[in-house]
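Okay, here's what each chain looks like letter by letter:
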Amino acid sequence: MAFRARHLLGIEHLAPEEIRTVLDLADRYVDLNRRTVKRTDALAGMTQINMFFENSTRTQSSFELAGKRLGADVMNMSMQTSSVKKGETLIDTALTLNAMHPDLLVVRHQNSGAVDLLAQKVNCAVINAGDGKHEHPTQALLDALTIRRAKGRIQRLTVAICGDVAHSRVARSNLILLGKMENRVRLVGPPTLMPAGIGEFGVDVCDDMRAGLEGADVVMMLRLQKERMDGGFIPSEREYFHRYGLDAEKLAYAKPDAIVMHPGPMNRGVEIDGTIADDINRSVIQEQVEMGVAVRMAVMDLLAQNLRAERGRALVEGSYV
Amino acid sequence: MTLFLQNARLIDPEALSETTGNLVIDAGQIAAIGPMSAPAGAEVIDCAGACLAPGIIDWGVKIGEPGERHVESFRSAGMAAAAGGVTTIIARPDTAPAIDTPEVLEFVTRRAADLPVRIRHMAALTKGRAGREMTEIGFLMDAGAVAFTDAEHVTEDAKVLNRAFTYARSLGALVVGHPQEPGLSKGAAVTSGKFASLRGLPGVSPMAERMGLERDLALVEMTGVAWHADQITTARALPALERARKAGLDVTAGISVHHLTLNEFDVGEYRTFFKLTPPLRSEEDRLAMVQAVADGLIDVICSQHTPADEESKRLPFEEAASGAVGLETLLPAALRLYHSGALSLPQLFRALSLNPARRLGLPQGRLAEGAPADLVLFDPEAPFVLDRFALRSKAKNTPFDGARMQGRVRATFVAGRKVYDATEGRA
């Protein structure tokens, strides 16, 4: 079995072989998603609950669509308005949901490690849809799929990840995945937005964007949160755009066929120039969204297979009722 | 009542020596030490080569009274202490409300009257530990406070501290500080670095401890107050401490046993029982601290016993409560340093018993004729696997759950009376 995981909590726990398995299956789902009839029954009869403790439109709808196309019953729980506000702890919420026998739980939470904690308390498959500043594994997988389809491979590439690395779970998952697949990663951004101890990660760190983009195959931009713009981490929006915003002039330092990525939502004119984002020859931002649905279908399909196998084994042994 | 403890491995932290011999307890005091035979009528206890050392003085124990009796009461703390070889608890004032008036101090003193072990209280340095106005240091000393501290709360206003230190100095009061730069450490859950970044947890630079220490030492220099750092846990802070000592300032320092035996990577997959204040440090820092204890630059090893209930720990790491219980695990954890060859047993008990007693002006902590017969009898080799639910503390938040440890207390004596006996469970 090439994909063994019970949960998808982070890229950290995946072997390169497992990553390849996800991407291969996702490729097939890309084809399916481009057909008029997009439905399969991989998750037929299964229940998927999306629990988003933090606001999200695109990730949540991507997971919802992925589940529906696989034939699952999908329920969205908006946690901002739920019992959490009434003082219920995360674990109690998890146990309550667990009692409803979901098969897949998709969780986003504002605290690093919260999804790990929750996964210990439930007996379904848990997918981390982003926890604090820790990991966002499906984003890294969809980015890898996008890169592999654009570049024909996901090895021996130079990838520049630019912007607010310190607060970004997307950056963390991506640099772990890219490292596992033997790529060269450069982190580009002001030192105030670089995590401590980053020198020990086996990546190159550049505070000069032009040097950071030099010869890159992939330029991955990160979103800069509005609340970090005013004087706290960087002096101002305009100084940030001047030094770290991706425009044609800076992009010229990358390879001529370098692709530009962004996990969205974009701040045009802050971290990325609008004309770059819209340049169909360079930008793969729309493809990323498309790959997102396919990758999430692949992950849920694989986890469901493992869940069935586990329950099948338990049934044979007589312990599962 | 005379007790004769024979055939013991006697650990003398004053002489930094260990010898095999016998010890006579009479009228609550150590009456004689040496190769002599049992006095007539004495009850004989055969130690069979086990270690006999001055009982541990655990400096900085949080007890949940008043305010949080469900996490630890005086009674449960007393039993845990006796079972852990701790013969004197030095309690912290970070209760709810804080121990910041003579009335509250009298209340806890009364509540703690029937403990199997001794207990002394520290009082708050500022009212409500809020760092604005000093407490009635004089009255609190009269009521029995042995030292003054705001626990982990750092007073940002140096002027307030300057006045409190100056006033404390005039009364000869000992102040205990928590060296930490509050701005840098705000919101931090772990020490910054590769581990914090990998886990996506907010970190504090280890430099924040040195910055806090430097400021506090400058105030000590200005005022001449007697001052003790509750915990020094980073290598970068040590030169400042050494300089202060050489300059003749009346300064001592402690460290929790957790920071001597665990490092930041022990947090692993967000294990909240390893969330401490200050957070666990790098392995380099841990090794430097062990060396500093061996060199005598760090004077005191304590448990920083901080009980927390399951609910406050079963939360995402950032939101979980900080702190660990330690009264019962202090000795076996500290013995890891002996088993690794880093410290001799007399060196260990210098930091566990002798130094805290000296610093607090207590007559305990010595294995000498005439000293109070507060003793711990233990087998340093006995192996066991720690089960947190077997702890006597009400709260079970120990980072050593399931850990293999070596060293068990056989018996604990306070003022010559056996208050714990492993064969009976409790005395």
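Quick note: structure is the one above.
Residues numbered from 1 in each chain as written. Chains lettered and ligands numbered in written order. Predicted model: local features only at pLDDT ≥ 70, side-chain atom pairs only at ≥ 80, totals over all residues. Heavy atoms only, no water.

Engineer: Could you clarify how one ought to interpret the overall build of chain B in this entry?
Structural biologist: Scanning chain B from terminus to terminus reveals 13 helices and 18 strands. For 427 residues, the compact-globule formula gives about 22 Å, and the C-alpha radius of gyration of chain B, at 21 Å, lands near that figure. Oriented by its inertia axes, the alpha-carbon framework of chain B measures out at about 65 × 50 × 45 Å. Out of the 427 residues belonging to chain B, those deemed buried represent 61%. In chain B, 75% of the contacts between residues at least 6 apart in sequence involve partners at least 24 apart. On chain B, roughly 15,700 Å² of surface is accessible, and the fraction owed to carbon and sulfur atoms is 49%. Here chain B contributes 45 positively and 52 negatively charged side chains, and the mean placements of these two sets differ by 2 Å. (Helix = DSSP H or I, 4+ residues; strand = E, 2+ residues; numbered from the N terminus. Rg over C-alpha atoms; globule rule 2.2 N^0.38 Å. Buried < 20%, exposed > 50% of the residue type's maximum accessible area, 1.4 Å probe, protein only. Contact = heavy atoms within 4.5 Å. Areas by Shrake-Rupley, 256 points an atom, 1.4 Å probe, with all protein chains shown as cover. Lys, Arg positive; Asp, Glu negative; His and termini not counted. Charge placed at Lys NZ, Arg CZ, Asp CG, Glu CD.)

Engineer: Please explain the sheet that holds strand 4 (residues 125-131) of chain A as it appears in this structure.
Structural biologist: The strands making up a sheet associate through hydrogen bonds between their backbones, and the pairing can be parallel or antiparallel. Residues and elements named next belong to chain A. With parallel pairing, 4 strands are arranged side by side in an open sheet as 2-1-3-4. The sheet is open, and its two edges are formed by strand 2 (73-78) and strand 4, each paired on a single side. Between one strand axis and the next, the sheet turns through 15° on average, direction left out of account. As defined by bridge partners, strand 3 (residues 104-109) adjoins strand 4 across 5 bridges and the pair is classed as parallel. (Pairing = 2+ DSSP bridges. Axes fitted to C-alpha atoms, helices over the stretch in contact; angles between N-to-C directions.)

Engineer: Looking at this structure, I do not really get the interface of chain B and chain A. What am I missing?
Structural biologist: Much of the literature gives interface size as the accessible area that the parts lose upon coming together. Contact with chain B, which involves 17 residues of that partner, is made by 23 residues of chain A. Buried surface at the junction of chain B and chain A, summed over both partners, amounts to about 1,600 Å²; 55% is from carbon and sulfur atoms. Taken together, chain B and chain A are joined by 1 salt bridge. Salt-bridge contacts for A:Glu12 lead to B:Arg199; the nearest nitrogen and oxygen are separated by 3.2 Å. Where chain B touches chain A, the interface holds 5 residue pairs in polar contact (both at pLDDT 80 or more). Along the lines of polarity and charge, the residues of the side of chain B that touches chain A split into 7 nonpolar, 4 polar and 6 charged. (Buried area = accessible area lost by both parts, 1.4 Å probe. Salt bridge = Lys/Arg side-chain N within 4 Å of Asp/Glu carboxyl O. Polar contact = N/O pair within 3.5 Å; in protein donor to acceptor, adjacent residues only side chain to side chain. Nonpolar A, V, L, I, M, F, W, Y, C, P; charged D, E, K, R; others polar.)

Engineer: How do you make sense of the pattern of salt bridges when you look at a structure like this?
Structural biologist: Counting across every chain of the model gives 38 salt bridges over all chains. Between A:Glu64 and A:Lys68 there is a salt bridge whose closest N-O contact spans 2.8 Å. Taken together, the residues span about one helical turn, with A:Glu64 and A:Lys68 both in helix 2 (residues 58-69) at a distance of 4 residues. Exposure remark for A:Glu64: the relative accessible area of 21% places this residue in the partly exposed category. Its relative accessible area of 38% is what places A:Lys68 among the partly exposed residues. Residue B:Arg281 pairs with B:Glu209 through a salt bridge whose shortest N-O separation is 3.4 Å. Residue B:Arg281 is located in the loop between helix 9 (257-261) and helix 10 (283-295), and its partner B:Glu209 is located in helix 7 (residues 207-223); the two are separated by 72 residues in the primary sequence. B:Glu209 gets classed as buried once you look at its relative accessible area, which sits at 0%. Through salt bridges with shared partners, one network takes in A:Asp24, A:Asp27, A:Arg148 and A:Arg149.

Engineer: Please explain the side chain of B:Glu328 as it appears in this structure.
Structural biologist: If you trace the backbone, B:Glu328 turns up in the loop between helix 11 (310-313) and helix 12 (330-339). Among the residues examined, B:Glu328 registers a relative accessible area of 15% and is labelled buried.

Engineer: Which parts of the structure should I look at to understand the side chain of B:Arg359?
Structural biologist: Residues and elements named next belong to chain B. Residue placement: Arg 359 occurs in helix 13 (residues 345-360). The class of Arg 359 is buried, set by a relative accessible area of 18%. Engagement of the side chain of Arg 359 in a polar contact is seen with the side chain of Asp 250, the distance being 2.7 Å. Leaving out residues up to four positions away in the same chain, Arg 359 has contacts with Trp 59, Leu 174, Ala 226, Trp 227, His 228, Asp 250, Val 251 and Thr 252.

Engineer: Would you take a moment to explain the environment of A:Ala294 for this structure?
Structural biologist: Residues and elements named next belong to chain A. Assignment of secondary structure puts Ala 294 in helix 11 (residues 285-317). Its relative accessible area of 0% is what places Ala 294 among the buried residues. Between the alpha carbons of Ala 294 and Arg 39 there is a distance of 12 Å; along the sequence they are 255 residues apart.

Engineer: Sorry if this is basic, but what is going on with the pairing of strand 8 (residues 218-221) of chain A here?
Structural biologist: Each regular strand shows side chains that alternate between the opposite faces of the sheet. All names here are of chain A. Here strand 8 shows a buried face lined by Val 218 and Met 220 and a second buried face lined by Val 219 and Met 221. Here strand 5 (residues 158-162) runs beside strand 8; their pairing, made up of 4 bridges, is parallel. What sits directly across from Cys 162, in strand 8, is Met 221. The sheet contact formed by strand 8 and strand 9 (residues 259-261) spans 3 bridges and is parallel. Paired with Val 219 across the bridge in strand 9 is Val 260.

Engineer: Whenever I open this one, unusual backbone geometry confuses me. Can you help?
Structural biologist: Most peptide bonds are trans, and most residues other than glycine sit at a negative phi. Along the chain, A:Gly264 connects to A:Pro265 via a cis peptide bond; the corresponding omega equals -10°. In this fold, A:Pro265 is placed in the loop between strand 9 and helix 10 (274-278). Across the junction of B:Ala96 and B:Pro97, the peptide omega takes the value 0°, indicating a cis bond. Mapped onto the fold, B:Pro97 is located in the loop between strand 7 (86-91) and helix 2 (102-111). Positive phi is not limited to glycine here, since A:Glu182 has a value of about 65°. With respect to the secondary-structure elements, A:Glu182 resides in the loop between helix 6 (169-180) and strand 6 (184-188). Overall, A:Glu182 belongs to the exposed group, its relative accessible area being 59%. We note that B:Ala415 has phi near 50°; this positive angle belongs to a residue other than glycine. By the secondary structure assignment, B:Ala415 is in the loop between strand 17 (404-414) and strand 18 (417-421).

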